[in-house]
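Listed here are the chains, written in short residue letters.
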Amino acid sequence: MAMTTDTSAAPEPSFGERLRTGFGLLGPRHPRHTLTVEQADSLTLPIGDDGVVVGVNTEGQPAVLGVNRPTPYDMVLIGGLWTAQVLALRAAATGARVAVETGRAQAWMPMVHAMGGGQNGLAVYDVGRVPPQGASAGTPVLVVRDCGMRPPRGRVASAPWQSVLTLLPYLSPVAPRLMRQARLVGVQRVSPDEAAEIGRVLALPRPEIDSLPSLQDGVTLWCTDRDRQYVMTQATDAEVGLLGVARRMD
C-alpha cells in the first residue's frame, strides 16, 4: 500500500530555516491597500487630451489643444501675433516641427534664434515657399500661416499629422470661408461689427457676441461645432522674456 504524507498541518518554516534552505529573505509585510467604491472616485486625475496647453479656462483648469492628429486639422485664429507665437513655441516643445509661412519674417526671427537657428523644430519661409514637410506620426507638423488679411491658398495644406493654423489680424472678406472650413476657430478682441459677423458665421449666442469687443489681452474664445471655451493664455517667464507680455495688437 502506498504511503502518503499529510502536510496540511506542517508548521511554516522559521526565518532561520528559510535562510538555511535557500528561500532567501522574507519580503516586507504591509497591510493590504484597499478602497471602498466611494473612495475610488477620489483617485481621478485632471488629465485632458494630449496636446498643447493653450491656457486656462474660466474654471482655472488647463485648456489643451490637440494639434498632432492622424487626420487633417485646420484652425483659424482671428487675433494677435503674440498668441500665435506662443502656440508655435508650445507645439515645438511637444516635439512637433513648426513651419511658419509669413510676410514678416523679422517678427519670427527672435524665436528662430532662441530655438537654435531653425535646427530645433521651427523654420520660417516666405509666403508661398513652404516645402513639403513629410509629416508622420513620429514627426508631426504644425504649419502657421501668418500671411495677412487675405492669405493666398497655401501650397502646403492640412494632412494626416499636419495641422494648419491660419492667423488673421482682423476679419477680412476671406475670413467667413476660412472659418467655415476650419474645425477650430479662435477669436480675440474684435470690433462690434466684426463680432456680429463672426457670430453669424459661427452661430454664436448673443452673450458671446457681445463679449468679443471687450475681451482682455490674452483671452481667446475657441469654438468648435459643438463646444466653446474662453481661454486665458498665461505666458511663462521664458515666453515673456522672448515675446513680451500678452497683447492683441503688434
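Residue positions are given per chain, counted from 1 along the sequence in the order it is written. This being a predicted model, a pLDDT of at least 70 is required before a residue's local features are given, and a value of 80 or more before pairs of side-chain atoms are given or counted; all residues contribute to the totals for chains, interfaces and linings. Heavy atoms throughout the structure, all of them, feed into the side-chain values; hydrogens and water do not.

## Quick look at the pattern of salt bridges
When the charged atoms of two side chains lie near each other, side chains of opposite charge can form a pair.
Move 1: The rule for a salt bridge is simple: a side-chain nitrogen of Lys or Arg has to be within 4 Å of a carboxyl oxygen of Asp or Glu. In the structure shown here, the tally under the stated rule is eight salt bridges.
Move 2: In this structure, Arg 90 engages Glu 239 in a salt bridge whose closest nitrogen and oxygen atoms are separated by 2.9 Å. In this pair, Arg 90 sits in helix α3 (residues 81-93) while Glu 239 sits in helix α8 (residues 237-243), placing the two residues 149 residues apart along the sequence. Every helix listed is a DSSP run of H or I at least four residues long, and every strand listed is a run of E at least two residues long, numbered separately from the N terminus.

## Points about helix α6 (residues 192-202)
Move 1: Burial classes: relative accessible area under 20% of the type maximum marks a residue as buried, over 50% as exposed, and values in between as partly exposed (1.4 Å probe, protein chains only). Residues of α6 that are buried: Glu 194, Ala 195, Ile 198, Gly 199 and Val 201. Seen from one end, α6 has its buried residues packed into an arc of 165 degrees, which puts them on one side. Exposed and oriented more than 90 degrees from the buried face of α6 are Pro 192, Asp 193 and Arg 200.
Move 2: Contacts are assigned to residue pairs that have any heavy atoms within 4.5 Å of one another. Check the buried side of α6 and you find it contacts β3 (73-78), α5 (175-181), β8 (184-187) and α7 (206-211).
Move 3: Backbone geometry just after α6 places Ala 203 at a positive phi near 55 degrees. An arc is given here, and it is the one of the directions from the helix axis to the C-beta atoms.

## Here we look at the nonpolar core
Move 1: The nonpolar core is taken to be a set of buried Ala, Val, Leu, Ile, Met, Phe, Trp, Tyr and Cys residues, with the residues joined through side-chain atoms within 4.5 Å. Formed by 32 residues in total, the largest nonpolar core has its most connected members in Val 54, Met 75, Val 98 and Leu 122.
Move 2: Put simply, the parts of the chain that give this core at least two residues each are β1 (52-56), β2 (62-65), β3, α3, β4 (97-102), α4 (105-114), β6 (141-146) and β7 (162-168).
Move 3: At nine residues, the largest contribution of residues to this core is made by α3.
Move 4: Beyond its immediate sequence surroundings of up to four residues, Val 98 is in contact with Ala 88, Ala 91, Ala 92, Gly 121, Leu 122, Ala 123, Leu 142 and Val 144.
Move 5: Val 76, Leu 168, Ala 175 and Val 185 belong to the second largest nonpolar core, which has 22 residues in total.

## Looking at unusual backbone geometry
With the exception of glycine, the majority of residues adopt a negative phi angle, and the majority of peptide bonds are in the trans configuration.
Move 1: At Trp 161, a position not held by glycine, the phi torsion is positive, near 65 degrees.
Move 2: In this structure, Trp 161 sits in the loop between β6 and β7.
Move 3: Residue classification places Trp 161 among the partly exposed positions, given a relative accessible area of 25%.
Move 4: Within the chain, Ala 203 stands out as a residue other than glycine whose phi angle is a positive 55 degrees.
Move 5: Relative to the assigned elements, Ala 203 resides in the loop between α6 and α7.

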